[in-house]
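# Summary of structural features
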Amino acid sequence: MHELSIADAIVQVAGRQAEGRRVTKVHVKVGHLRQVVPSALAFGFGLVAQGTPVEGAELEVETVPAVGWCRSCGAESTLEGFPLRCGECGGLDLEITAGEELLVEYLELEEA
Amino acid sequence: MHRTKVRQVVRENVLDANDALARANRERFDEAGTYVINVMSSPGAGKTALLERVLERLRATLRTGILEGDVQTTLDAERLARFHVPIVQVNTDPGFGGECHLDANMVRSALPELPLEEIDLLLIENVGNLVCPAEFRVGEDARVMVFSVTEGEEKPLKYPLMFRTADLVLVNKIDLLDHLDFDLEKFLGYLKAVNPTAPHILTSARTGAGVGAFCSWLEERLPPPALDTPVSSE
Ligand SMILES: [Zn+2]
């Protein structure tokens, strides 16, 4: 269950960035190729946030589609599911240009 | 009291903290002159059996050490104990049902138990899992992925991150090829598709096939031994 480890890392990033303020929302960008299950991530987030400044915050997951550049035909296409195949020619020889992100993009914080 | 909400842009990679610890581990390894291999696979791909074969061959010429990651048991460490090389076991079960990988912090916490100055080659046996270990660097110099032919040709396409980050893929259990529908050429095509630069070696921990080639691959990557620290002079 790698979602739990990732959730833990997200809570740590958010907690440090919040500098004592209460966090109400954490917006993360997760690349398709990370193979993260959003519901599992949300579940893990709820667990590990307990007792931290992030407890009770909403986790908003923005999924970034995988994009690949095909070495065979030169087309750039969105890669859906696995196997990763060029959308134009079906080739497998791809340079991945997006879809491996794992970022805390922004936080929503409460200020007194 | 009225509370206002503010948005704070962070844009921080979630794995940065782990990667920073991994770099610190790496510095420690470099300082001690220890070359570190992170060995990853699915459960049951034959990692431990292969490591036994490697230790049989290399322990006479190289000072080896093992860092054994396991969810709960010490079985693999017990199997490797007969080689009388330094072994440290890291159980990853933190109470949530078990972590599925080693991370840089777990490896760091185990380092004081290993005499790194006396280890040329540290083999880290990661937890059996094709997703999570790929994401967490631990400070290794190279990543070796053990794939077994019982797993099916499609694995590189289903777990691209693992195969993409491997520096070497060992295609294990080739002694079983005659009994399986496994299409080796198809698998190698998929492997090349996700990782065009990773070399592969066909191995069998049972017959010993390919183990010599793997050992040579390891020896080629290790820095040449310093003249003032002979391996087996005493
Ligand atoms: Zn194409």
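Quick caveat, the model's predicted, so the values are computed rather than measured. (Residues numbered from 1 in each chain as written. Chains lettered and ligands numbered in written order. Predicted model: local features only at pLDDT ≥ 70, side-chain atom pairs only at ≥ 80, totals over all residues. Heavy atoms only, no water.)

So, on to the pattern of salt bridges. Applying the stated criterion to the full structure yields 23 salt bridges over all chains. For the salt bridge of E111 of chain A with R21 of chain A, the shortest nitrogen-to-oxygen distance reads 3.1 Å. Note that E111 of chain A is positioned in strand β6 (residues 102-111) and R21 of chain A in the loop between α1 (2-18) and β1 (22-31), a separation of 90 residues in sequence. In this structure, the salt-bridge partner of D120 of chain B is R63 of chain B, at a minimum N-O distance of 3.0 Å. In this pair, D120 of chain B is assigned in the loop between α4 (104-110) and β5 (121-125) and R63 of chain B in the loop between α2 (47-58) and β3 (64-70), connecting sequence segments 57 residues apart. Among the ionic contacts, a cluster of salt bridges with common partners joins E52, R53, E56, R79 and R82 of chain B. (Salt bridge = Lys/Arg side-chain N within 4 Å of Asp/Glu carboxyl O. Helix = DSSP H or I, 4+ residues; strand = E, 2+ residues; numbered from the N terminus.)

Our focus in this paragraph is empty space enclosed by the protein. According to the stated counting rule, one finds 2 cavities of 30 Å³ or more in the structure shown. Considered as a void within the structure, the largest cavity measures approximately 70 Å³ in volume. For the largest cavity, the full set of lining residues is L84, L92, L94 and I96 of chain A together with L157, R164, A193 and V194 of chain B. Broken down by secondary-structure element, the contributors of at least two residues to the lining of the largest cavity are β5 (94-98) of chain A together with α8 (184-194) of chain B. Considering the residues around the second largest cavity, the lining is formed by L33, R34 and Q35 of chain A together with L130, V131, E135, L161 and M162 of chain B. A class-by-class count of the residues in the lining of the second largest cavity yields 5 nonpolar, 1 polar and 2 charged. (1 Å grid on protein atoms, 1.4 Å probe; cavity = no way out; pocket = protein on both sides within 12 Å on 5 of 7 lines; lining within 4 Å. Points joined across faces, edges and corners; volume = space filled by probe spheres on them. Nonpolar A, V, L, I, M, F, W, Y, C, P; charged D, E, K, R; others polar.)

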